Amino acid sequence: MSTDIQLKENSALMSVIERVASDPNSDISKLEKMLDMQERVLDRNAAQAFTADMAAMQGEMPRVLKLASGHNTTYARLEDMNDAVRPILQKYGFAVTFNIDQPDLKAVKITAILSHKQGHKQESSLMLPIDSSGSKNAVQSIGSTVSYGKRYAVCALLNISTGDDTNGAKISG
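Residues numbered from 1 in each chain as written. Predicted model: local features only at pLDDT ≥ 70, side-chain atom pairs only at ≥ 80, totals over all residues. Heavy atoms only, no water.

**Thoughts on the pattern of salt bridges**
Counting across every chain of the model gives 2 salt bridges. Residues Glu60 and Lys91 are paired through a salt bridge, measuring 2.8 Å at the closest nitrogen-oxygen approach. One end of the pair, Glu60, is in the loop between α2 (28-58) and β1 (63-64); the other, Lys91, is in helix α3 (residues 78-91), and 31 residues separate them in sequence. Here Glu60 falls in the partly exposed class, since its relative accessible area comes to 21%. Close ionic contact of Asp131 with Lys136 constitutes a salt bridge, the shortest N to O distance being 3.0 Å. Take Lys136: its relative accessible area is 22%, and that puts it in the partly exposed class. (Salt bridge = Lys/Arg side-chain N within 4 Å of Asp/Glu carboxyl O. Helix = DSSP H or I, 4+ residues; strand = E, 2+ residues; numbered from the N terminus. Buried < 20%, exposed > 50% of the residue type's maximum accessible area, 1.4 Å probe, protein only.)

Next comes the structure, spelled out in structure tokens:
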């Protein structure tokens, strides 16, 4: 549904709600039902806009190279991912934020939240054990786990590939 049609639909619904609200004989339960209906319409429109912009954005998402190394492996740094995708996210009206929760001393829950300019959002969560490998202190162990979790949660949320096998795809790095 185009934005113009959505605006007209929202405007028409608001006009009806305003008329009902201004009538002193109006049934308050009808007004509440109309407001609930408007909220459902707004939510549906926001979800449709999210889906349309997400589909358009996917064609521009780069493969992010694994340029960092540590513990006998290579990986794509969160900073490199952010640098590669942030301009594309902004172009299509998206932002990524994170919620971090530590339900106990052995695990951290990382939730990546993809929010759209029209209010719809989608989440991807990971529950990870605290990374106590190497010679990390307790704070470094949590920081390492959070960084790892953010990378993988954002990759899942945005369908980002990492690696050096391009198969003709764009590469950032």
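The structure having been displayed, the exposition proceeds.
**Brief notes about α3**
In an α-helix there are 3.6 residues to a turn, and that puts residues three or four apart on one side. The terminal C-alpha atoms of α3, which comprises 14 residues, lie 20 Å apart, in line with the 20 Å expected from a rise of 1.5 Å per residue. Taken as a whole, α3 carries its principal kink of about 40° at Val85; the proline Pro87 stands between one and four residues after it. Restricting attention to buried positions, one finds in α3 the residues Leu78, Asp80, Met81, Ala84, Val85, Ile88 and Leu89. Once α3 ends, the next one or two residues include Gly93, with phi positive near 80°. (Expected span 1.5 Å × (residues − 1). Bend = angle between axes of the 7 residues up to and from the residue.)

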